[in-house]
Amino acid sequence: MKNIVIAIDGYSSCGKSTTAKAVAAELGYAYIDTGAMYRGVTLYLLEHNIAFEDLPRVEEALHNMQITFKRNRRTGRNELCLDGVIREDEIRQMRISNAVSEVSVIPAVRHAMVRQQQRMARKRGVVMDGRDIGTTVFPDAEVKIFMTADVHTRAMRRQVELATKGEQVSLDDIVQNLQKRDYLDSTRAESPLRRAADAVLLDTSHITIDEQVDFVLERVSSVL
Ligand code: C5P
């Protein structure tokens, strides 16, 4: 079987990472959550009191910080590490969700992350999810999926996810956050969120996770 790249892009909280993880497990592929990397950069800048507009300091920070993933043997999940320390829980908090799209708009941040993502998937055999995988990181990905869903469905899923981690957030706040991120992500100058011409659209508003996974696996079978 040849090793391919599966790019899963789309709006926030459409189920990209759940689908990508399950597809990777099914195929024995690596899973790379690129959103976690932008969240890690955001956490670093906030913790070091670096203003997002202060480009020289942002560039210096990009040079100094180490963004890596570590596999959790118990859960099988790849967890984001900042300078060698697992920060998976913190990067999912609302304070990071509220700031990340202002960081991911910075060209120097995007260049550094894209370079690292391309290096991480050099051997292919990966499922990568994000906003610009099929357009910028791997324009030659063999399978490209673009996911979308109704914003209220997305917000409700996100609310449950946050609650399981002990963070109670109102539906209104989540809807606002998703809409703000979608807007900033789609309108930025550098590699904006958009559907690649050859990406297949997957609307997850009314389908189950199993159906999402089967949809992607069928696309994979058609190219292998
Ligand atoms: O996927 P997730 O919702 O965790 O991504 C968080 C944020 O990171 C997005 O809203 C977007 O601003 C940024 N991002 C990006 N490009 C990617 C992945 C994520 O700009 N490939």
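As the structure is a computational prediction, the values presented were derived from the model and not from experiment.

A.B. asks: Would you explain the overall build of the chain in this entry?
C.D. replies: The number of helices and strands found in the chain is eleven helices and eight strands. Computed over its C-alpha atoms, the radius of gyration of the chain comes to 17 Å, within 12% of the 17 Å expected for a compact globule of 224 residues. Along the first, second and third principal axes, the C-alpha atoms of the chain reach 50 × 40 × 40 Å. Per-residue burial for the chain yields a buried fraction of 40% across its 224 residues. Here the contacts in the chain between residues at least 6 apart in sequence split such that 72% fall between residues at least 24 apart.

A.B. asks: Is there a simple way to explain the packing of helix α9 (residues 151–164) against helix α10 (residues 171–187) in this structure?
C.D. replies: Orientation of α9 relative to α10, taken along the N-to-C sense of each, is 120 degrees, at an axis distance of 9 Å. Our pair here, α9 against α10, has a crossing hand that is right-handed. Note on element contacts: α10 touches α9 through Leu171, Ile174, Val175, Leu178 and Gln179, opposite Val151, His152, Arg154, Ala155, Met156, Arg158 and Gln159. Taken together, the residues of the contact of α9 with α10 break down into seven nonpolar, three polar and two charged.

A.B. asks: Explanation requested: the UniProt feature "domain: Cytidylate kinase" (unreviewed entry) in the chain in the structure shown.
C.D. replies: As recorded in UniProt, the sites labelled "domain: Cytidylate kinase" (unreviewed entry) are residues 6–220. A distance of 8 Å separates the end C-alpha atoms of residues 6–220, which is 51% helix and 17% strand.

A.B. asks: Help me understand the environment of Gln117 in this model?
C.D. replies: Here Gln117 lies in helix α7 (residues 107–120). Considered as a pair, Gln117 and Met37 are 80 residues apart in the sequence and their alpha carbons are 9.3 Å apart. Not counting chain neighbours up to four residues away, the residues in contact with Gln117 comprise Ile32, Thr34, Met128 and Val137.

A.B. asks: Would you take a moment to explain the sheet that holds strand β8 (residues 200–203) for this structure?
C.D. replies: Strands pair in a sheet through their backbones, by hydrogen bonds, and they do so in one of two ways: parallel or antiparallel. Judged by pairing direction, the sheet is parallel, and its five strands sit side by side in the order β2-β6-β1-β7-β8 without closing on themselves. Both edges of this open sheet fall to β2 (30–33) and β8, since each of them pairs with a single strand only. Taking each pair of neighbouring strands and ignoring which way they run, the sheet shows an average axis angle of 20 degrees. As paired strands, strand β1 (residues 5–10) and strand β7 (residues 143–148) are joined by five bridges and run parallel to one another. Bridge pairing in β7 links Asp9 to Phe146. Packing of helix α11 (residues 209–223) onto the sheet brings it into contact with β1, β7 and β8, and relative to β7 it is tilted by some 160 degrees.

A.B. asks: What am I meant to see in the UniProt feature "binding site: ATP" (unreviewed entry) in the chain here?
C.D. replies: UniProt records the feature "binding site: ATP" (unreviewed entry) at Gly10, Tyr11, Ser12, Ser13, Cys14, Gly15, Lys16, Ser17 and Thr18, using the numbering of this structure. Inspection of the secondary structure puts Ser12 in the loop between β1 and α1 (16–27). Apart from residues lying up to four places away in sequence, Ser12 is in contact with Arg154, Leu178, Arg181 and Asp182. Here Thr18 falls in the partly exposed class, since 16 other C-beta atoms lie within 10 Å of it.

A.B. asks: Sorry, what's going on with the site of the ligand here?
C.D. replies: Within the structure, the ligand sits among 13 residues, and Gly35, Tyr38, Ser104, Gly130 and Arg131 are positioned closest to it. Elements with a minimum of two residues in the shell around the ligand: α2 (34–47), α6 (100–103) and α10. Here the shell around the ligand gets four residues from one element, more than from any other, and that element is α2. For the shell around the ligand, the per-class residue count stands at two nonpolar, six polar and five charged.

Each value, and the rule that gives it
- Residues numbered from 1 in each chain as written.
- Predicted model: local features only at pLDDT ≥ 70, side-chain atom pairs only at ≥ 80, totals over all residues.
- Helix = DSSP H or I, 4+ residues; strand = E, 2+ residues; numbered from the N terminus.
- Rg over C-alpha atoms; globule rule 2.2 N^0.38 Å.
- Buried ≥ 20, exposed ≤ 12 C-beta atoms within 10 Å, placed from the backbone.
- Contact = placed C-beta atoms within 7 Å.
- Axes fitted to C-alpha atoms, helices over the stretch in contact; angles between N-to-C directions.
- Left-handed = near helix turned anticlockwise from the far one by under 90°.
- Nonpolar A, V, L, I, M, F, W, Y, C, P; charged D, E, K, R; others polar.
- UniProt positions renumbered as here; feature names shortened; annotations may be inferred.
- Pairing = 2+ DSSP bridges.
- Near = placed C-beta within 6 Å.

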